[in-house]
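# Residue-level structural notes
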Amino acid sequence: MDAPLCPNCGMPIDKVVDVPYGWWEWTGAKYEPKTAAIGVDVAPWVHLGCMGELRRFHPQNPVEASPA
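A brief look at the structure comes next. (Residues numbered from 1 in each chain as written. Predicted model: local features only at pLDDT ≥ 70, side-chain atom pairs only at ≥ 80, totals over all residues. Heavy atoms only, no water.)

Along its length, the chain carries zero helices and four strands. Reading the chain from its N terminus to its C terminus gives the helix and strand order β-β-β-β. Here the chain holds 68 residues, and the buried ones make up 22% of them. (Helix = DSSP H or I, 4+ residues; strand = E, 2+ residues; numbered from the N terminus. Buried < 20%, exposed > 50% of the residue type's maximum accessible area, 1.4 Å probe, protein only.)

Have a look at this one:
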């Protein structure tokens, strides 16, 4: 069975992280704060591939098989 697709980038959600407070990325000169939040309230789950929030996703929800 394939992983569900990310609503942000369309790639399979094969890794998710719980990052409600954001993260820091190295820019080549310094670290800059980043966040996956579109608004003030942050979805707890983020697709590691694109760092887009997964508001309706939870990794413990059942995954349905994709139609063939």
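Next comes the rest of the description.
Time to look at the side chain of H47. Topologically, H47 is positioned in strand β4 (residues 45-47). On the accessibility criterion, H47 (1% relative accessible area) is buried. With residues near it in sequence (within four places) discarded, H47 still touches C6, C9, M11, P12, I13, D14, K15, V16, G52 and L54. (Contact = heavy atoms within 4.5 Å.)

With that settled, consider the pairing of strand β2 (residues 23-26). If a strand is regular, its side chains alternate between the two faces of the sheet. Inspection of the sheet shows β2 paired to strand β3 (residues 31-34) by four bridges, in the antiparallel sense. Its bridge partner being in β3, E25 is matched across the sheet by E32. Counting the residues that bridge the hairpin from β2 to β3 gives four residues, and of these G28 lies at a positive phi of roughly 105 degrees. (Pairing = 2+ DSSP bridges.)

On the secondary structure map, A3 appears in the segment before β1 (16-18). By relative accessible area, A3 is classed as partly exposed at 29%. Each C-alpha atom of the pair A3 and E64 lies 9.0 Å from the other, and the pair is 61 residues apart in sequence. Once residues lying within four places of it in the same chain are set aside, the contact partners of A3 are P12 and I13.

With that settled, consider a nonpolar patch on the surface. Residues W24, W26 and Y31 make up a contiguous nonpolar surface patch of about 450 Å² in total accessible area. Along the chain, W26 falls in strand β2. (Patch = residues over 30% accessible without salt bridge, like charges linked within 9 Å, V, L, I, M, F, W, Y side chains within 5 Å. Areas by Shrake-Rupley, 256 points an atom, 1.4 Å probe, with all protein chains shown as cover. Salt bridge = Lys/Arg side-chain N within 4 Å of Asp/Glu carboxyl O.)

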